[in-house]
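Structural description and commentary
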Amino acid sequence: AAAEPWPENAELYQQLKEEQILLSDNASSLAVQAFLKMCNLPIRVVCRANAEYMSPSGKVPFIHVGNQVVSELGPIVQFVKAKGHSLSDGLDEVQKAEMKAYMELVNNMLLTAELYLQWCDDVTVEEITHPRYGSPYPWPLNRILSYQKQWEVRRKMKAIGWAGKTLEQVLEDVDQCCQALSQRLGTQPYFFNKQPTELDALVFGHLFTILTTQLITDELSEKVKNYSNLTAFCRRIEQQYFGGHDKDSSAAGAARSAKRSLLR
Amino acid sequence: QSLEPLPMGGPDFGALGEEAELVEVEPEAKQEILENKDVVVQHVHFDGLGRTKDDIIMYEIADVFKAKNLIDVMRKSHEAREKLLRLGIFRQVEVLIDTCQGDDALPNGLDVTFEVMELRRLTGSYNTMVGNNEGSMVLGLKFPNLFGRAEKVTFQFSYGTKETSYGLSFFKPQPGNFERNFSVNLYKVTGQFPWSSLRETDRGISTELNFPMWKTNHTLKWEGVWRELGCLARTASFSVREESGHSLKSSLSHAMVIDSRNSSILPRRGALLKINQELAGYTGGDVSFLKEDFEFQLNKQLLWDSVFSASVWGGMLVPIGDKPSSIADRQVFKRFYLGGPTSVRGFSMYSIGPQSEGDYLGGEAYWAGGLHLYTPLPFRPGRGGFGDLFRTHFFLNAGNLCNLNYGDGPRAHLQKLAEYIRWSYGAGIVLRLGNIARLELNYCFPMGVQSGDRICDGVQFGAGIRFL
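Residue positions within a chain follow its written sequence, with the count starting from 1. Numbering of ligands from 1 and lettering of chains from A proceed in the order in which they are written. Residues qualify for local features only when their pLDDT is at least 70, as the model is predicted, and side-chain atom pairs are given and counted only at 80 or more; totals for whole chains, interfaces and linings, by contrast, use all residues. Side-chain measures were taken over the full set of non-hydrogen atoms in the model, leaving aside hydrogen atoms and water.

Going by this rule: UniProt positions are given in the numbering used here, feature names are shortened, and annotations may be inferred rather than shown by experiment.
As recorded by an unreviewed UniProt entry, chain B carries the name Sorting and assembly machinery component 50 and is attributed to Opisthocomus hoazin. UniProt, in the comment section headed Sequence similarities (unreviewed entry), describes chain B in these words: "Belongs to the SAM50/omp85 family."

The name an unreviewed UniProt entry assigns to chain A is Metaxin-2, from the organism Opisthocomus hoazin. Of chain A, the UniProt comment under Subcellular location (unreviewed entry) reads exactly: "Mitochondrion outer membrane".

Structure representation (structure tokens):
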């Protein structure tokens, strides 16, 4: 299966764009889409309400390539590498370790902060998360699934010690993470100078989604906007890899629709 | 089919069937005199009633008062005893008939006394159950006769080879009319289906009303089920993976049963007709369909203790409407499956019909038929005892399963079901386990095999309660 070339009909599965998908899942999905575009591999985005349950690891997005199913950015990068495409081949060992470290930072800080905001901030949970998460399901299933997921996320937060944090502390963590990323990026076009890597895809996925998703307040996106090189970075990647194609596959289109439906 | 919740309601007193016999009075020299003698039942006493309320007892014994002669009294008392036991509230019932004593005694007056022992308030049970090709251990806690009118609350936990379940059920019969009853059940069932690489967890609540009407028995049921599907292995086909997730089914169903057989396990005579329909989607939930299925069986005794049996099964599942929801492209229905030692023999369990990468997806319409000839074992070993539990049988099974394209008309559907018929023939030995289950060991020749079906030609073993 590793030897087979990348087919034309590869698909990426995520939740429904307009009504259902949440900030964190949208960010993860956009990161994978950006990565595949950077590798120049065609992918078609398919929206299913049960994408989360279809995934072998329970996390979106996942790709269906040939008869393989792979979920999450890390395994997808490995899978794509086995097929002979890689963005980080040009890096030396030190740089690869650095790249991994920054990817861990994004996952541990940004992604966790997104999850915290979605599931542990009561106002956001009530106004945005619950209605969106349960939207494809009839009553009372929508409530049951939302509460089940919330309980699960809160338990995980407790396990990693985030349960005691306040929203201000979480936003501070986001700020620190953005600062580290901004410093590493500097004035370069990409994190490792000329060529984009999976780190760029991951950072783009999260930052762009944060910038373009409307939540209860703008505090989260303001933290990112403080760093102008990060916003320029997002704009650059959007124009280069997502702009000019049909509206549906453009990142802005994806995030915009999420934003539209959040207006209350 | 195997995920029907374990039967919880209803009388758990064993089927009266073949075991019960009418008490016959030994013919005596004085029989004529006794029969001609008119008697009057003056009193009916009850010893041992505790929490049982009087009114339900009155219904069951009302007939005893109408007896006119001694034989009649004995017969009616026996029937009353059977009725009292059937309520499921007494551990034992004994009947004493004596002449009436006391001041107001008539010369031909009789006293009938029922000595009963009520069941304890809480009983526990442990048994093993046999389903179709599965076995399970069942632990039960029962509160019989909860409020004095034969109500019953049961909690059951079952751990089996294919599924694990637990449930709580409340059962209440109508006083005087035990066959009319209703029950409310809450259950959770988790099952694994390797032939589809599917794992299913159902959590549900159902209310059910049973009532007889003339010679038929009807059941009306409303059921709400939260179903969760998942893949059993990473190698599950994508079609099965697409079905993973949650759905909510709210359905109304009606079943009608006419059963004139003398036994449900290895009947010698009689017929069975079962018709079942289920309508989902109009009372909530996100699953909409209309499902019809039927089962027909006819048994006829022939010469030399052999029995000829014919059975036909069929069913159809029609999804309804275009629900304007974003998950309209999912179809999480309870489809029909075909094949296996209890269905079309000679094929592997549920391994006929549409499949994807080795996972069997079931179908929306099916039919199956079987012809059997049961004979006693050759040379009749162990006759009169153990050998009577075994029978040899010769069978011919056939069936087909497919998905329907609802754009075409009914004629196209019939045509689809008529082409590529799978069938098999063979012979084997059947063992009857009491009135509970049946074991079969057959040698099968599957025919009409289509690509994708999995067969089990040669020796096949089956255990269960419902066979084609």
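After presenting the structure, the write-up continues.
1. Brief notes about the UniProt feature "domain: Metaxin glutathione S-transferase" (unreviewed entry) in chain A
To keep it simple, the criterion reads: What counts as a helix is a DSSP run of H or I of at least four residues, what counts as a strand is a run of E of at least two, and both are numbered from the N terminus.
In the numbering adopted here, UniProt assigns the feature "domain: Metaxin glutathione S-transferase" (unreviewed entry) to residues 175-237 of chain A. Within residues 175-237 of chain A, the helical portion is 68% and the strand portion 0%, while the C-alpha atoms at the span's ends are 21 Å from each other.

2. Some details on helix 6 (residues 141-159) of chain A
The line we're drawing: Under the convention used throughout, the expected extent of a helix is 1.5 Å for every residue step, that is, one less than its residue count. Only heavy atoms matter for contacts: two residues are in contact if any of them lie within 4.5 Å across the pair.
For helix 6 of chain A, spanning 19 residues, the distance from its first C-alpha to its last is 27 Å, which sits close to the expected 27 Å at 1.5 Å a residue. Residues of helix 6 of chain A that are buried sit in contact with helix 2 (51-54), helix 4 (93-120) and helix 5 (122-133) of chain A together with strand 10 (216-231) and strand 11 (245-259) of chain B. Looking one or two residues past helix 6 of chain A, Gly161 of chain A carries a phi angle of roughly 85°, positive in sign.

3. Some thoughts on the pairing of strand 1 (residues 11-14) of chain A
Residue and element names in this part refer to chain A. Where we set the bar: Under the scheme applied here, a residue whose accessible area is under 20% of the maximum for its type counts as buried, over 50% as exposed, and between as partly exposed, the area being computed with a 1.4 Å probe on protein chains only. Strand pairing is assigned whenever DSSP detects at least two bridges linking the two strands.
Burial along strand 1 is two-sided: the residues Glu11 and Tyr13 and Leu12 and Gln14 are all buried. Relative to strand 3 (residues 62-65), strand 1 is paired through three bridges, and the arrangement is antiparallel. Following the sheet pairing, Glu11 is matched in strand 3 by His64. Pairing geometry for strand 1 and strand 2 (residues 44-47), over four bridges, is parallel.

4. Looking at the packing of aromatic side chains
Cut-off, in case you're wondering: Working definition: a ring pair exists when centres of Phe, Tyr or Trp rings (six-membered ring for Trp) sit within 6.5 Å. Plane angles under 30 degrees give stacked, over 60 give edge-to-face, the rest tilted. Definition used: whenever NZ (Lys) or CZ (Arg) falls within 6 Å of the ring centre and also within 35 degrees of the ring normal, the charge is taken to sit over that ring.
Under the defined criterion, the tally for this structure stands at 17 aromatic pairs over all chains. Taking the centre distance of 4.9 Å and the plane angle of 20° together, the rings of Tyr425 of chain B and Phe445 of chain B count as stacked. One end of the pair, Tyr425 of chain B, is in strand 19 (residues 422-433); the other, Phe445 of chain B, is in strand 20 (residues 437-447), and 20 residues separate them in sequence. Its relative accessible area of 34% is what places Tyr425 of chain B among the partly exposed residues. Ring centres 5.3 Å apart and planes at 65° place the aromatic pair Tyr443 of chain B and Phe445 of chain B in the edge-to-face group. Assessed through its relative accessible area of 44%, Tyr443 of chain B is described here as partly exposed. An aromatic cluster is defined as three or more aromatic residues linked by ring pairs; in this entry it consists of Phe193, Trp195, Tyr337 and Tyr350 of chain B. The ring of Trp162 of chain A carries the charged tip of Lys165 of chain A above its face, separated from the ring centre by 4.0 Å. It is Lys152 of chain B that lies over the ring of Phe171 of chain B; its NZ or CZ is 5.3 Å from the centre.

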